[in-house]
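# Breakdown of the fold
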Amino acid sequence: MQEAIILVGGKGTRLRPLTNHTPKPLLNVAGSSFIRHQIAKLMDAGVEHVVFATSYLASLFEEEFKDFSQELKISYAVETVPLGTGGAIRNAARLLRGPVDAPVLILNGDILSGLDLRDVLERHTAREADVTLHLTRVSDPRAFGLVPTDESGRVLSFLEKPKTQEECVTDQINAGCYVFRRSVLDSIPTGREVSVEQETFPGLVAEGRRVYGHTTDDYWRDLGTPLAFVHGSADLVTGRATSPLVARSGEALIHPTAAVDPTARVTGGSTIGPHAVIGPRVIVDRSIIGGNVRVAEGAQIHESVVDHDSSIGSESFLREAVVGCHAHVGAQNELPAQLRLSCGIRIPAQGVRVSGTAVACPTVH
Ligand code: GDD
Ligand code: MG
């Protein structure tokens, strides 16, 4: 029986306020929670048992899957205090059922990738590896784990989040998907915080264990930042990235209960959630609009997330914005890029502008 562990206990701080009430893997991308896309991909690869390593807002995962009736057994390894990535893997390994030599798939809970999971499992077994890491290449590796390999693919070292330019010895990074021989999991210490990146991988390499990299140039994105999150969702909608849960690709994914005015333009892989109302002449491009959101006439929303039950006033302009739930942006606001609006916040009409077209001062001097 093929088994997998998914690490889903992080707080998702870079995605606040979206993650204030919802763990990152349960946020909606392309019409489903991200974890459901991952589960569908694992099932396609023949996985029959998944252990969720949960911590932050743990009960919401059980809630999400309480009616799950497909051919997959789901277990929950809950950390009352976060154990770090290595500690979480060790804690979840208690719930595995396979033999000591079985290959176990381990996934970070925020990676959208086109990796062929069966292929990485086959290579791991063929090499008789202790651990196989999926690796990818990025232009700026500083936010990731650096993993140089030799010509046979053997991992030479593992350096998490390099701080200096000299430390950036390769553009090849840890892509957040591993295969571990089950017995290797049992060597991770228990009962304390352990980082698989800072402690376990460097330790295994230093001990001379058979740690291999599997480098691919498939689609790959960590959805941990707002811009990556909206781009990942848009890529799933347009078909640049694939998921068994997205049957047809297109310019937009509009929920059947949403009302989109015929003069509005919804493009670039945008998603419109249930009961959302998109008014006349609105432009929504490469964005995620949550359930019950109202966008009034002439507003423009680019590369942004507007969380559920919020409203955007007429002629307002958003770019790379994150709007928390139950927020209200009044008419004719022009929000600076990368602004995050807290849940429930209200911006009055004409309250914020970045260009030089501020309206006449309403105060009597
Ligand atoms: N259960 C549990 N407990 N899960 C955790 C914990 C914990 O204490 N800490 C983090 N996680 C989970 C997160 O929910 C996420 O799914 C995964 O572990 C990785 O954490 P991130 O916070 O997303 O890490 P990162 O993106 O900065 O770096 C990681 O991913 C990169 C690839 O995107 C590292 O693995 C890097 O080496 C890697 O390059
Ligand atoms: Mg991440």
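Structure: see above.
As the structure is a computational prediction, the values presented were derived from the model and not from experiment. (Residues numbered from 1 in each chain as written. Chains lettered and ligands numbered in written order. Predicted model: local features only at pLDDT ≥ 70, side-chain atom pairs only at ≥ 80, totals over all residues. Heavy atoms only, no water.)

## What to know about unusual backbone geometry
Here the amide bond leading from Arg16 into Pro17 is cis, since omega sits at 5°, within 30 degrees of zero. Looking at where Pro17 falls in the secondary structure, it is placed in the loop between strand S1 (2–7) and strand S2 (28–29). The backbone of Asn292 sits at a positive phi, close to 65°, despite the residue not being glycine. Along the chain, Asn292 turns up in the loop between strand S20 (288–289) and strand S21 (294–295). Judged by relative accessible area, Asn292 falls into the partly exposed class, the value being 38%. Residues other than glycine seldom take positive phi values, yet Glu303 does so here, at roughly 45°. Structurally, Glu303 is set in the loop between strand S22 (300–302) and strand S23 (305–306). (Helix = DSSP H or I, 4+ residues; strand = E, 2+ residues; numbered from the N terminus. Buried < 20%, exposed > 50% of the residue type's maximum accessible area, 1.4 Å probe, protein only.)

## Section: the site of ligand 1
Around ligand 1 lies a shell of 27 residues, among which Glu79, Glu160, Asn174, Glu197 and Asp222 are the nearest. Between Glu79 and ligand 1, the recorded distance is 2.7 Å, taken from a side-chain N or O atom to a nitrogen atom. One of the backbone N or O atoms of Gly145 is found 3.0 Å from an oxygen atom in ligand 1. Elements supplying a minimum of two residues to the shell around ligand 1: helix H3 (84–93), strand S11 (172–181) and strand S13 (220–222). At 3 residues, the largest contribution of residues to the shell around ligand 1 is made by H3. (Near = heavy atom within 4 Å. Polar contact = N/O pair within 3.5 Å; in protein donor to acceptor, adjacent residues only side chain to side chain.)

## Points about the nonpolar core
By size, the foremost hydrophobic cluster in this structure holds 29 residues, and its most contacted members are Ile5, Leu133, Phe180 and Leu185. Listed by contribution, the elements that provide at least two residues to this core are S1, strand S4 (47–54), H3, strand S6 (103–108), strand S8 (131–137), S11, helix H5 (182–185) and helix H6 (196–206). Among all residues touching Leu133, those that are not within four sequence positions of it are Val155, Phe158, Asn174, Cys177, Tyr178, Phe201, Val211, Tyr212, Gly213 and His214. (Core = buried A, V, L, I, M, F, W, Y, C linked by side-chain atoms within 4.5 Å. Contact = heavy atoms within 4.5 Å.)

## Concerning the sheet that holds strand S26 (residues 322–323)
An order of S14-S17-S20-S23-S26-S28 is seen for the 6 strands of this open sheet, with the pairing classed as parallel. The sheet terminates laterally at strand S14 (252–254) and strand S28 (340–341), the two strands that pair on one side only. Note that S20 and S23 share 2 bridges and pair parallel. If you follow Ile289 over to S23, its bridge partner there is Val306. (Pairing = 2+ DSSP bridges.)

## Digging into helix H4 (residues 117–126)
All of the buried residues in H4 are Leu117, Val120, Leu121 and His124. One side of H4 holds all its buried residues, which, seen down the axis, span an arc of 100°. Exposed positions of H4 whose direction lies more than 90 degrees from the buried face are Glu122 and Ala126. Tucked into the core, H4 has its buried residues touching S1, helix H1 (34–44), S6, S8, S11 and strand S12 (211–215). Regarding H4, its N-cap is Asp116, as a side-chain oxygen of that residue lies 3.1 Å from the backbone nitrogen of Arg118 further along. (Arc of directions from axis to C-beta.)

## Points about the coordination of the magnesium ion (ligand 2)
Bound to the magnesium ion (ligand 2) on the protein side are Asp110 (OD) and Asp222 (OD), at distances that span 2.2 to 2.4 Å. In this pair, Asp110 is assigned in the loop between S6 and strand S7 (111–113) and Asp222 in strand S13, connecting sequence segments 112 residues apart. Neither Asp110 nor Asp222 differs from the other in exposure class; each is buried. (Donors = N, O, S within 2.8 Å, 3.2 Å for Na, K, Ca; no water.)

## Thoughts on the side chain of Thr54
Relative to the assigned elements, Thr54 resides in strand S4. Exposure remark for Thr54: the relative accessible area of 0% places this residue in the buried category. For Thr54, the residues in contact, after removing those within four places along its chain, are Val8, Gly9, Phe61, Ala77, Val78 and Glu79.

## Section: H6
Listed in full, the buried residues belonging to H6 are Val196, Glu197, Thr200, Phe201, Leu204 and Val205. For H6, the buried positions fall inside an angular range of 125° around the axis, keeping them on one side. Facing away from the buried surface of H6 by more than 90 degrees, the exposed residues are Gln198 and Ala206. Of the surrounding secondary structure, the elements contacted by the buried residues of H6 are H3, S8, strand S10 (159–160), S11, H5 and S12.

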